[in-house]
Amino acid sequence: MTNRISALAVSVAIAGGLLVTSAPAHATMPAGRHAVVAKASITCNKTELRRQIAALKDKAAKLKQLGETEAARRALADANALQRKLDACIKAENDQSKPFPG
């Protein structure tokens, strides 16, 4: 029961964060003649993310060897989440440099 409540609370927090951050940037910009348009730069520390992913995978391998399969599974899930974040960051940087993606 507590796992369901925790999962529900995390889901609600993620959904709320998504709604807050998904508001279009141009909706709050002034529509005047001298409106300033700023290009957002997306930066991520790829080497740090890769280091964290490798550390989590090593930790998962050690835990699996010790027989802690559940903890190893969680460590691998964390590593996979960081990998998806890294992939999204790299994709965002690649798409940002193109004026008309597609």
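Look above for the structure.
Our subject in this report is the structure included herewith. (Residues numbered from 1 in each chain as written. Predicted model: local features only at pLDDT ≥ 70, side-chain atom pairs only at ≥ 80, totals over all residues. Heavy atoms only, no water.)

**What to know about the state of the cysteines**
Okay, so step 1: For the coordinates displayed, the defined rule picks out one disulfide.
Okay, so step 2: Note that Cys44 is cross-linked by a disulfide to Cys89, the S-S spacing being 1.9 Å. Here the disulfide of Cys44 and Cys89 is left-handed, its torsion about the S-S bond being about -120°. Residue Cys44 is located in the loop between helix H1 (2-21) and helix H2 (46-65), and its partner Cys89 is located in helix H3 (residues 69-96); the two are separated by 45 residues in the primary sequence.
Okay, so step 3: By relative accessible area, Cys89 is classed as buried at 11%. (Disulfide = S-S within 2.5 Å. Helix = DSSP H or I, 4+ residues; strand = E, 2+ residues; numbered from the N terminus. Buried < 20%, exposed > 50% of the residue type's maximum accessible area, 1.4 Å probe, protein only.)

**Here's the deal with the nonpolar core**
Okay, so step 1: With six residues, the main nonpolar core is built from Leu49, Ile53, Leu56, Ala79, Leu82 and Leu86.
Okay, so step 2: Setting aside its immediate chain neighbours within four residues, Leu82 contacts Leu49, Gln52, Ile53 and Leu56.
Okay, so step 3: Counting five residues, the second largest nonpolar core, distinct from the first, contains Ala60, Leu63, Ala71 and Ala72. (Core = buried A, V, L, I, M, F, W, Y, C linked by side-chain atoms within 4.5 Å. Contact = heavy atoms within 4.5 Å.)

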